[in-house]
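Residue-level structure breakdown
Take a look at the letters that make up each chain.
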There are 2 protein chains.
Amino acid sequence: MQQPVVSCSMPSEEIKSLSLPVGWKCYRSPEGQKYYVNISTKETTWERPSRSTTRPKTSGSHQHSVNGHQLLGASGHVLEHLDVSLGKNSLSNQSPGSTSPARRQNKEKEIKETKITINCVTFPVPASALEQQLLKPSEWSYCDYFWADKKDPQGATVSGFEVLLQKQLKGKQMQKEMAEFIRERIKIEEEYAKNLSKLSMFPMAAQEEGTLGEAWAQLKKSLADEAEVHLKFSSKLQSEVEKPLLTFRGDNFKKDMKKYDHHIADLRKQQVSRYAAVEKARKALADRQKDLEVKTQQLEIKLSNKTEEDIKKARRKSTQAGDDLMRCVDLYNQAQSKWFEEMVTTSLELERLEVERVETIQQLLRQYTTLRHETDMFNQSTLEPVDQLLQSVDPAKDRELWVKEHKTGDLRPVDMDI
Amino acid sequence: MQQPVVSCSMPSEEIKSLSLPVGWKCYRSPEGQKYYVNISTKETTWERPSRSTTRPKTSGSHQHSVNGHQLLGASGHVLEHLDVSLGKNSLSNQSPGSTSPARRQNKEKEIKETKITINCVTFPVPASALEQQLLKPSEWSYCDYFWADKKDPQGATVSGFEVLLQKQLKGKQMQKEMAEFIRERIKIEEEYAKNLSKLSMFPMAAQEEGTLGEAWAQLKKSLADEAEVHLKFSSKLQSEVEKPLLTFRGDNFKKDMKKYDHHIADLRKQQVSRYAAVEKARKALADRQKDLEVKTQQLEIKLSNKTEEDIKKARRKSTQAGDDLMRCVDLYNQAQSKWFEEMVTTSLELERLEVERVETIQQLLRQYTTLRHETDMFNQSTLEPVDQLLQSVDPAKDRELWVKEHKTGDLRPVDMDI
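Residues numbered from 1 in each chain as written. Chains lettered and ligands numbered in written order. Predicted model: local features only at pLDDT ≥ 70, side-chain atom pairs only at ≥ 80, totals over all residues. Heavy atoms only, no water.

Naming follows an unreviewed UniProt entry, where chain A appears as Growth arrest-specific protein 7-like isoform X1 of Cyprinus carpio.

Remarks on the overall build of chain A
This is how the line gets drawn: Under the DSSP-based scheme used, a helix requires at least four consecutive residues in state H or I and a strand at least two consecutive residues in state E, with every element numbered from the N terminus. Under the scheme applied here, a residue whose accessible area is under 20% of the maximum for its type counts as buried, over 50% as exposed, and between as partly exposed, the area being computed with a 1.4 Å probe on protein chains only. We call two residues in contact when some of their heavy atoms are within 4.5 Å. Method for areas: the Shrake-Rupley scheme with a 1.4 Å probe, in which residue coverage is limited to the protein chains shown.
Per the secondary structure count, chain A includes nine helices and nine strands. Each of the 418 residues in chain A was classed as buried or not, and the buried ones make up 46%. Relative to all contacts within chain A whose residues are 6 or more apart in sequence, the contacts with residues 24 or more apart total 74%. Total accessible area on chain A stands at roughly 21,000 Å², and carbon and sulfur atoms take up 52% of it.

Some remarks on the nonpolar core
Operational definition: Residue types Ala, Val, Leu, Ile, Met, Phe, Trp, Tyr and Cys, when buried and joined through side-chain atoms within 4.5 Å, form a set referred to as a nonpolar core.
Formed by 64 residues in total, the largest nonpolar core has its most connected members in A:L237, A:L245, A:Y368, B:L237, B:L245 and B:Y368. Residue assignment for this core shows that the elements contributing at least two residues are α5 (160–200), α6 (210–247) and α8 (308–391) of chain A together with α5 (160–200), α6 (210–247) and α8 (308–391) of chain B. Beyond its immediate stretch of four places on either side in the chain, B:L237 contacts B:I182, B:R185, B:I186, B:E242, B:Y368 and B:L371.

Some words on the interface of chain A and chain B
Short version of the rule: Values labelled buried area give the accessible surface lost by two parts on being combined, using a 1.4 Å probe and summing over both. The working definition used for a salt bridge is a side-chain nitrogen of Lys or Arg within 4 Å of a carboxyl oxygen of Asp or Glu.
Tallying the contact residues gives 131 residues for chain A and 131 residues for chain B. In terms of surface lost to chain B, no three residues of chain A exceed A:R412, A:M416 and A:I418, which account for 8% of the buried area on that side. Our count for the chain A to chain B interface comes out at 18 salt bridges. Close ionic contact of B:E226 with A:R372 constitutes a salt bridge, the shortest N to O distance being 2.9 Å.

What about the environment of A:E308?
Residues and elements named next belong to chain A. Looking at the secondary structure, you find E308 in helix α8. We classify E308 as exposed; its relative accessible area is 56%. Between the alpha carbons of E308 and T117 there is a distance of 39 Å; along the sequence they are 191 residues apart.

Points about the pairing of strand β7 (residues 121–124) of chain A
Residues and elements named next belong to chain A. Quick note on the threshold: Between any two strands, at least two bridges found by DSSP are needed for them to pair.
Side chains of β7 alternate between two faces, with V121 and F123 and T122 and P124 buried alike. The sheet contact formed by strand β6 (residues 115–118) and β7 spans four bridges and is antiparallel. What sits directly across from K115, in β7, is P124. Between β6 and the antiparallel strand that follows it, β7, lie two residues; N119 among them carries a positive phi value of about 50°.

Brief notes about the pattern of salt bridges
Inspection of the entire model under this criterion finds 56 salt bridges over all chains. The partner of A:K221 in a salt bridge is A:D225, and the shortest N-O contact between them spans 3.0 Å. Placement of both A:K221 and A:D225 in helix α6 is noted, with a separation of four residues, approximately one turn of the helix. Residue classification places A:K221 among the partly exposed residues on the basis of a relative accessible area of 42%. Close ionic contact of B:K136 with B:E139 constitutes a salt bridge, the shortest N to O distance being 3.5 Å. Across this residue pair, the class does not change: B:K136 and B:E139 are buried. Among the charged side chains, a salt-bridge network with shared partners connects A:K167, A:K170, A:E354, A:R357, B:E208 and B:E209.

Here's the deal with the packing of α5(A) against α8(A)
Residue and element names in this part refer to chain A. Filter applied, for reference: For helices, the fitted line uses only the C-alpha atoms of the stretch in contact; every axis is such a line through C-alpha atoms, and the angle between N-to-C directions lies from 0 to 180 degrees. Any angle from 65 to 115 degrees is called roughly perpendicular, while one under 35 is roughly parallel, one over 145 is roughly antiparallel, and all others are oblique. Crossings are assigned a handedness: left-handed for a near helix turned anticlockwise from the far helix by less than a right angle, right-handed for a clockwise turn. Asp, Glu, Lys and Arg are counted as charged, while Ala, Val, Leu, Ile, Met, Phe, Trp, Tyr, Cys and Pro are counted as nonpolar; the rest, among them Gly, fall into the polar class.
Between α5 and α8, whose axes approach to 10 Å, the crossing angle comes to 15°. Viewed along their axes, α5 and α8 adopt a mutual orientation that is roughly parallel. Along this stretch, α5 crosses α8, giving a crossing that reads as left-handed. Contacts from F161, L164, L165, K167, Q168, G171, M174, Q175, M178, I182 and R185 in α5 reach M343, T346, S347, L350, L353, E354, R357, I361, Y368 and R372 in α8. Partitioned by chemical class, the residues of the contact of α5 with α8 number 11 nonpolar, five polar and five charged.

Re helix α7 (residues 251–300) of chain B
Heads up, the condition is: A helix is expected to reach a length of 1.5 Å times the quantity of its residues less one.
The end-to-end C-alpha distance of α7(B) is 73 Å, a good match for the 74 Å that 50 residues give at a rise of 1.5 Å each. Just past α7(B), the residue B:K302 takes up positive phi, approximately 55°.

Details of the relation of the copies chain A and chain B
Quick reminder of the rule: What sets the superposition is a least-squares fit of C-alpha atoms, and only residues with pLDDT of at least 70 in both copies go into it.
Of the transformation placing chain A onto chain B, the axial shift is 0.0 Å and the rotation is 180°, giving an RMSD of 0.2 Å. Here the copies are linked by what is in effect a two-fold axis. It is A:D376 whose C-alpha, among those of chain A, lies nearest the rotation axis, at 2.7 Å. A share of 100% of the interface residues of chain A reappears at the interface of chain B, consistent with the copies meeting face to face through the same patch.

Some details on a positive patch on the surface
All names here are of chain A. To keep it simple, the criterion reads: Patches here: salt-bridge-free residues with over 30% relative accessible area, like charges joined within 9 Å, nonpolar side chains (Val, Leu, Ile, Met, Phe, Trp, Tyr) joined within 5 Å. Within this scheme the basic residues Lys and Arg register as positive and the acidic residues Asp and Glu register as negative, but His and the chain ends are omitted. Charge coordinates come from a single atom per side chain, which is NZ of Lys, CZ of Arg, CG of Asp or CD of Glu.
Positive charge collects at one region of the surface, where R288, K312, K313, R315, R316 and K317 lie side by side. At five residues, α8 tops the list of elements feeding residues into the positive patch. Along the chain, K313 falls in helix α8. For K313, a relative accessible area of 44% translates into the label partly exposed.

A look at the packing of aromatic side chains
Stated formally: Here the aromatic set is Phe, Tyr and Trp, taking the six-membered ring for Trp, and pairing holds for ring centres within 6.5 Å; pairs whose planes are under 30 degrees apart are stacked, those over 60 apart are edge-to-face, and all others are tilted.
Under the criterion given, the structure shown has 19 aromatic pairs over all chains. Geometrically, the ring pair formed by A:F233 and A:Y368 is tilted, given 6.5 Å between the ring centres and 50° between the ring planes. With A:F233 in helix α6 and A:Y368 in helix α8, this residue pair connects regions lying 135 residues apart in the sequence. Accessibility classification places A:F233 together with A:Y368 in one group, the buried group. An angle of 80° between the planes, with centres 5.8 Å apart, marks the rings of B:W147 and B:W339 as edge-to-face. Taken together, the positions of B:W147 in the loop between α4 (142–145) and β8 (149–151) and B:W339 in helix α8 put the pair 192 residues apart, joining distant regions of the chain. Taken as a pair, B:W147 and B:W339 share a single burial class, namely buried.

Quick look at the structure:
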């Protein structure tokens, strides 16, 4: 009856290969042979339906319809609609027609052997006849894929929930790094604008005259306008991209993550201690049963001078130990159920937070490209007056202006008379 | 007969106010009163026609039709077609009907008084009856407005030709300064590109995953693309704007300007020395005439014992001095005519060079704005892939990718049995 307590996760490939396509359930015939039923089409087959082709596909929308229920973002709601009762796998419809006590006992024994407790959590063993449908079969939802523990590259055990939490914290870090990147870009723009603005005030060729001089002056001025555009770009980058990236998830976010972490950890601790109680009760029962067995044998072969009273007492104690074990298992199952519910609720919340984060960052990066587009557009407009003035550059007009200002006298020399 | 030699120019406003509209000529009636004739319409009037409304207007084209002749760019050609014979003002049609010798002499005396020699150049005095038509009446041509000298702000005398030359040298300087300005812009672009390129390789948020990670990576890459665009801009600025600005007029240009300067200066020197010869001859004649006069008077009042032979000798010397003066004046007029032709030829050449310079610089500055336009255009194209990837960012897809990679196990816990 004792289950091996191991902390490594099951090979995930094996787990994956065991899950059935949506709608299919696996049953065992009275003869103990597996067969498969599609609960919607009522199709039955001895052949195991192939899974790979019907693995959940994600869609662009963030709401999915599962078995006619609309899954909403709030995890509480989702839980109400999940089509598998939490923490329990319905055993109804199991081997219908196989009702004899002997068979039932065999069956139950078989079922017991299909469970494995890893790190104080009880799972069906992969080889089990029982197929688990996904909680959200049409989505790659966090709530379906993080039940086991994982060894990290350093060899330490990491719970599935920890992996989810790390993802969130990493997301926060990414945000911060993006903000840093934008900050660097802002600096580059400011430097560029400063240099352009400085250059536009250099006195070079300031003495160029006429229409060409005007075009040149405008060309120089256009650098100041460009500088202005880039300054505006950098200031908008700051207020509309960098700052939102920095403030999108404040310090509360990490606190919230810690709260989730502590809550789950507390529930796990309770589960672990209740698992220990189960183990203890199981051992006590085994001791009592052994004691009873020994006493019964002694009575039968008359080796002992114990009275039947002793045996009755031992039987009573054994029954009591059995009741204890039952109570401990109940408490353990309650604790596991609580943890399970919290895991589903929280992982759905983390899922929602991740969607929010991705969409927010997408929005902010879009804002970045919008601002870049605007910058080039406004840059273009700084050139328009230059182009216009260059268009109207006219050497004859320039000569007229220059001659009017600089002429020395238009009376031509004449011949001298004697 | 001695003309005052002054080096200051005539007040240019006065000169300007004296020139007549195109087609009008000023004549003096036999009674000495001015009247005005329009040589094309044959209209006559005592009223001076207003000049201001018909001052030459410049047009966009660089070829002008004057009196039915096409003025070509080559100064040699232009000279052939100028409608006023060079260095001489036709005196034909002057006071027709006034033919008596006495009157003619009066007239000639009057004409003589209408000339003034300034810095060894003989001009009609502004109060003169003689109106000069512009050499190129429809244009503000250099060849019409730089005959007199000018005092520069330091009080030194500057010839009109010097003013024209300085304009050319200043033009060369402007070119050089524009090239410097473009060089500074190139440096700014290179610096900007370097910074963008460096930033694009920063590892910030490199661990962002999924479609958002792709969009982010593309956004970072777009900075390298932008850098590339700005580098191309700066390299094209260098080859297509800066270098042409620097090389447009090589060292030969200054040499050519010096050649013109020396040529004109040589001609002016000759003119000056011939003017000195005229002055000397004029003085010699005056001396001879005085000598002859004294001798003649002495003979008349019998104060002298000189013979008529002496008087004849003095008269011969006086006649010889008169011939000398005539020859000197001829040589002077020839020198002035040569200088005049060279002035017109060269100033038209400088005019052509200035048109060429303005048009070339206009072209190069247009190239600058074209390159700037292209830069913004290409910058835009660096954003297209970012926009596309941001468009296809999908939180559900990202979750799928992440879950596939990081999932720890999808077998859900089940209740423990006793």
